[in-house]
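Chain residues, written in single-letter form:
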Amino acid sequence: MDTQLAKIFQNAATSLKHIALSGRKKDDKDAALADDDYLEAHPEKRPVVVIDNFLHRSADSSIIYDKISEWAAALTTANIAHVIFLTHDVSFSKSLSKALPNRVFRQISLGDCTSQVAKRYILTHIDIDKEEIADGQVQLTTAQKRTDLSELDEVIDALGGRLTDLEFLARRMKSGETPKRE
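Keep in mind it's a predicted model, so treat the numbers as computed, not measured.

Looking now at the overall build of the chain. Looking only at helices and strands, the chain has eight helices and two strands in total. The linear arrangement of helices and strands in the chain, starting from the amino end, is α-α-β-α-β-α-α-α-α-α. Counting all 182 residues of the chain, 29% fall into the buried class. The long-range share in the chain, meaning contacts at least 24 apart out of those at least 6 apart in sequence, stands at 62%. Accessible surface for the chain amounts to roughly 12900 Å². Of this, 52% is attributable to carbon and sulfur atoms.

Here it is, written out as structure tokens:
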């Protein structure tokens, strides 16, 4: 299995390098550079590899995650590709540090938005159809006309701050339903 996995990763790396170099032309100003030097000079040409659910089942298959880390390290150190790891595991850096011991990782923690931001998002989406009246007065927005907005705080607290859920609620409210939809 180890050799098969190594072959798969090597073929994928070769394909990624080919993709990164595919836009290169013989009359470019950097045409004299070797492939590796070209990729180092042009990080924008490198493809992006996204590894989702990294360490999802780390107890079951830590060997595979180690191999993925090593492969990702090889891709980045050879300037073949950028690699992004998506994970719920907060200890991801331990696994990646084995493969890249001298690197500092850039990380972004994503989470749900706060209740205030969620409410502003919904109100903004309800108010998208703001129109002016002919005599220069601004028409009341949908949110300004609604009497059920007092329910919104309670519904947002129960719903949470996930964007897809908030979009769904905003669409429902825009179509005339109340936040609680009783």
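That covers the picture; the talk isn't over yet.
Time to look at a nonpolar patch on the surface. Taken together, the side chains of Val 48, Val 50, Ile 84 and Leu 86 define a hydrophobic patch exposed on the protein surface, amounting to about 320 Å² of accessible area. The exposure class of Leu 86 is partly exposed, given its relative accessible area of 37%.

One way to put it is that helix H1 (residues 2-21) packs onto helix H3 (residues 62-77) with a least axis distance of 11 Å and a crossing angle of 30°. The angle between the axes of H1 and H3 places the two elements in the roughly parallel class. The two elements H1 and H3 meet at a crossing, and its hand is right-handed. Residues Asp 2, Leu 5, Phe 9, Ala 12, Ala 13 and Leu 16 of H1 lie in contact with H3, whose contacting residues are Lys 67, Ile 68, Trp 71 and Leu 75. Along the lines of polarity and charge, the residues of the contact of H1 with H3 split into eight nonpolar, no polar and two charged.

This paragraph deals with the packing of aromatic side chains. Overall, the coordinates contain three aromatic pairs when judged by the stated rule. With a centroid separation of 5.0 Å and an interplanar angle of 15°, the aromatic rings of Phe 9 and Trp 71 are classed as stacked. Highlighted residues: Phe 9 in helix H1 and Trp 71 in helix H3, separated in sequence by 62 residues. You'll find Phe 9 and Trp 71 in the same group, each marked buried.

The rules behind each value
- Residues numbered from 1 in each chain as written.
- Predicted model: local features only at pLDDT ≥ 70, side-chain atom pairs only at ≥ 80, totals over all residues.
- Heavy atoms only, no water.
- Helix = DSSP H or I, 4+ residues; strand = E, 2+ residues; numbered from the N terminus.
- Buried < 20%, exposed > 50% of the residue type's maximum accessible area, 1.4 Å probe, protein only.
- Contact = heavy atoms within 4.5 Å.
- Areas by Shrake-Rupley, 256 points an atom, 1.4 Å probe, with all protein chains shown as cover.
- Patch = residues over 30% accessible without salt bridge, like charges linked within 9 Å, V, L, I, M, F, W, Y side chains within 5 Å.
- Salt bridge = Lys/Arg side-chain N within 4 Å of Asp/Glu carboxyl O.
- Axes fitted to C-alpha atoms, helices over the stretch in contact; angles between N-to-C directions.
- Parallel < 35°, antiparallel > 145°, perpendicular 65-115°, else oblique.
- Left-handed = near helix turned anticlockwise from the far one by under 90°.
- Nonpolar A, V, L, I, M, F, W, Y, C, P; charged D, E, K, R; others polar.
- Phe/Tyr/Trp six-rings, centres within 6.5 Å; stacked < 30°, edge-to-face > 60°.

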